[in-house]
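Summary of structural features
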Amino acid sequence: MPRRFFRQFTVKRDELRARWYLKPFHSALANPKLFSVQRRNVVRAVAIGVFCAWIPLPVQFVAATLAAVALRANVAVAAITTLFTNPITMAPMYYLAYRVGQTLLGQPIGRFRFEFSWDWFTGEFVELWQPLLVGCLLLGTAASLLAMLTLDVVWRVSVAATVKARRLRPRRAQRIDSSRS
């Protein structure tokens, strides 16, 4: 079942070769593992995508794609997995990351004030980025590991259930045939 689900997100290599703007990347995209829907490749791609979703910059999609190519994971699944960071989930995610970073760095929890000025950016933002980055790295790693382990277990259980169902099918058919005789 997981394979069928993830197969809908894959892209054919021939479709990518037909696109002129990807011509410089043909050698990098030649690896068949980048489009394979095998458990290891997809689980690795989900972990990459979930980790990159915690990047607090608008480069998540590109970072996930490049990491998937470097780590030989499914490129499409890695890129699509970053989409759980959206305008609705972004504010709570990064606020949580900021609070976790503040706690880990031992910074006092203060009131957050925002002004659209150069003084705010050079003064207060300098204090904000460190706890935000620490929190994003920690939560990204934890969420990535959790997603990887969960998907791996779900995939293995699904395959085991399918194999068990296949083994039981012929026996039932044999019993029915022997009872008819």
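Residues numbered from 1 in each chain as written. Predicted model: local features only at pLDDT ≥ 70, side-chain atom pairs only at ≥ 80, totals over all residues. Heavy atoms only, no water.

Side note on the overall build of the protein
- Within the protein, the regular secondary structure consists of 7 helices and 0 strands.
- Each helix and strand of the protein, ordered N terminal to C terminal, gives the series α-α-α-α-α-α-α.
- Taken over 181 residues, the protein has a buried fraction of 30%.
- The contacts of the protein with a sequence gap of at least 6 include a subset with a gap of at least 24, amounting to 69%.
- Here the protein has roughly 12,600 Å² of accessible surface; of this, 65% comes from carbon and sulfur atoms. (Helix = DSSP H or I, 4+ residues; strand = E, 2+ residues; numbered from the N terminus. Buried < 20%, exposed > 50% of the residue type's maximum accessible area, 1.4 Å probe, protein only. Contact = heavy atoms within 4.5 Å. Areas by Shrake-Rupley, 256 points an atom, 1.4 Å probe, with all protein chains shown as cover.)

Digging into helix α3 (residues 39–53)
- Helix length check: α3 (15 residues) gives 21 Å between terminal C-alpha atoms against 21 Å at 1.5 Å per residue, within 8%.
- In terms of burial, α3 is a largely internal element, 11 of the 15 residues being buried. (Expected span 1.5 Å × (residues − 1).)

Considering the environment of Cys52
- With respect to the secondary-structure elements, Cys52 resides in helix α3.
- Separated by 13 residues in the primary sequence, Cys52 and Thr65 place their C-alpha atoms 9.5 Å from one another.

Focus on a positive patch on the surface
- Together, Lys33, Arg40, Arg44 and Arg72 make up a positively charged patch on the protein surface.
- Tracing the chain through its elements places Arg40 in helix α3. (Patch = residues over 30% accessible without salt bridge, like charges linked within 9 Å, V, L, I, M, F, W, Y side chains within 5 Å. Salt bridge = Lys/Arg side-chain N within 4 Å of Asp/Glu carboxyl O. Lys, Arg positive; Asp, Glu negative; His and termini not counted. Charge placed at Lys NZ, Arg CZ, Asp CG, Glu CD.)

Some details on the pattern of salt bridges
- Scanning the model with the defined rule gives 2 salt bridges in all.
- Residues Asp152 and Arg39 are paired through a salt bridge, measuring 2.7 Å at the closest nitrogen-oxygen approach. Of the two residues, Asp152 is situated in helix α7 (residues 118–180) and Arg39 in helix α3; the sequence distance between them amounts to 113 residues.
- A relative accessible area of 17% places Asp152 in the buried class.
- Asp152 is the partner of Arg156 in a salt bridge, and the nearest nitrogen-oxygen pair spans 3.2 Å. A residue pair is termed a helical-turn pair when its members lie 3 or 4 positions apart in one helix, as Arg156 and Asp152 do in helix α7 at 4 residues.
- Here the residues in one salt-bridge network are Arg39, Asp152 and Arg156, joined through shared partners.

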